[in-house]
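# A closer look at the structure
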Amino acid sequence: TWKLANVASHNAMKAAGYREKMKFVGPSVVIPGPTSSSAPKSAYMWLEWCVEEIDETIDIYSAHAYWRPSSLTQDFTEYFYDRFYNPCKKIIESTGKPLWCDEFNVSENYSAISEKRKDPLHATQLACAYLRHMVAGIQASPIWYLVDIKWPNEIKSSGDGWFEGI
């Protein structure tokens, strides 16, 4: 099971003297956006389970947030706090460990994501999302986003970027 593998990895690295040199991030739960048909309850339950069962193996708690507004002019502050930040932070609060938003995006429709990224409001929404993370004290990784789009010295670009992979 996932628990056994996680605990075994933690214990083996600890025994070898490597555990204090590395940070384990997890469980990377996906918190669905407000327009999603998926309820976030199962994601919260998974996060609660990790706190109760394997907290000693996790250094930084993480979650993904994907928000699909009906329009890119829509403010998603309420979603961010009510459905993502506040519930996740409350669940992990007793651990004293940080919350990291390890993946997020704002798009109206995943099937048209490349087209939507040409909309200047998409970049504005992403910038606002980073600001919300900073104000809330959540770690977020713009580096992950850039590395995912284009690895330095690659000969090809991902179709996921704005201009030549960036």
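Here's a quick rundown of the structure.

### Overview of the nonpolar core
Core analysis: the biggest nonpolar cluster contains 28 residues, and Ile31, Tyr61, Phe84, Cys88 and Ile138 have the highest contact counts within it. Elements that contribute at least two residues to this core include exactly β1 (25-31), α2 (41-54), β2 (60-67), α3 (77-92), β3 (99-106) and α5 (120-136). Per element, the largest residue contribution to this core is 7 residues, and it comes from α3. Those residues in contact with Cys88 that lie beyond four places of it in its chain are Ile31, Tyr44, Leu47, Ala63 and Leu99.

### Some details on the packing of aromatic side chains
With the rule as written, the count across this model stands at 3 aromatic pairs. Measuring from centroid to centroid gives 5.1 Å for Trp2 and Trp46, while their planes differ by 55°, and the two rings are tilted. One end of the pair, Trp2, is in helix α1 (residues 2-15); the other, Trp46, is in helix α2, and 44 residues separate them in sequence. For Trp46, a relative accessible area of 31% translates into the label partly exposed. On the numbers, 6.4 Å between centres and 50° between planes, the contact of Trp2 with Trp49 is tilted. One end of the pair, Trp2, is in helix α1; the other, Trp49, is in helix α2, and 47 residues separate them in sequence.

### Some words on the pattern of salt bridges
In the structure shown here, the tally under the stated rule is 3 salt bridges. The shortest N-O distance in the salt bridge between Lys3 and Glu53 comes to 2.7 Å. One end of the pair, Lys3, is in helix α1; the other, Glu53, is in helix α2, with 50 residues separating them in the sequence. When the shortest N-O distance is used, the salt bridge between Lys97 and Asp55 registers 3.2 Å. In this pair, Lys97 is assigned in the loop between α3 and β3 and Asp55 in the loop between α2 and β2, connecting sequence segments 42 residues apart.

The rules behind these values
Residues numbered from 1 in each chain as written. Predicted model: local features only at pLDDT ≥ 70, side-chain atom pairs only at ≥ 80, totals over all residues. Heavy atoms only, no water. Core = buried A, V, L, I, M, F, W, Y, C linked by side-chain atoms within 4.5 Å. Buried < 20%, exposed > 50% of the residue type's maximum accessible area, 1.4 Å probe, protein only. Helix = DSSP H or I, 4+ residues; strand = E, 2+ residues; numbered from the N terminus. Contact = heavy atoms within 4.5 Å. Phe/Tyr/Trp six-rings, centres within 6.5 Å; stacked < 30°, edge-to-face > 60°. Salt bridge = Lys/Arg side-chain N within 4 Å of Asp/Glu carboxyl O.

As far as function goes, none of this settles anything; it's purely spatial.
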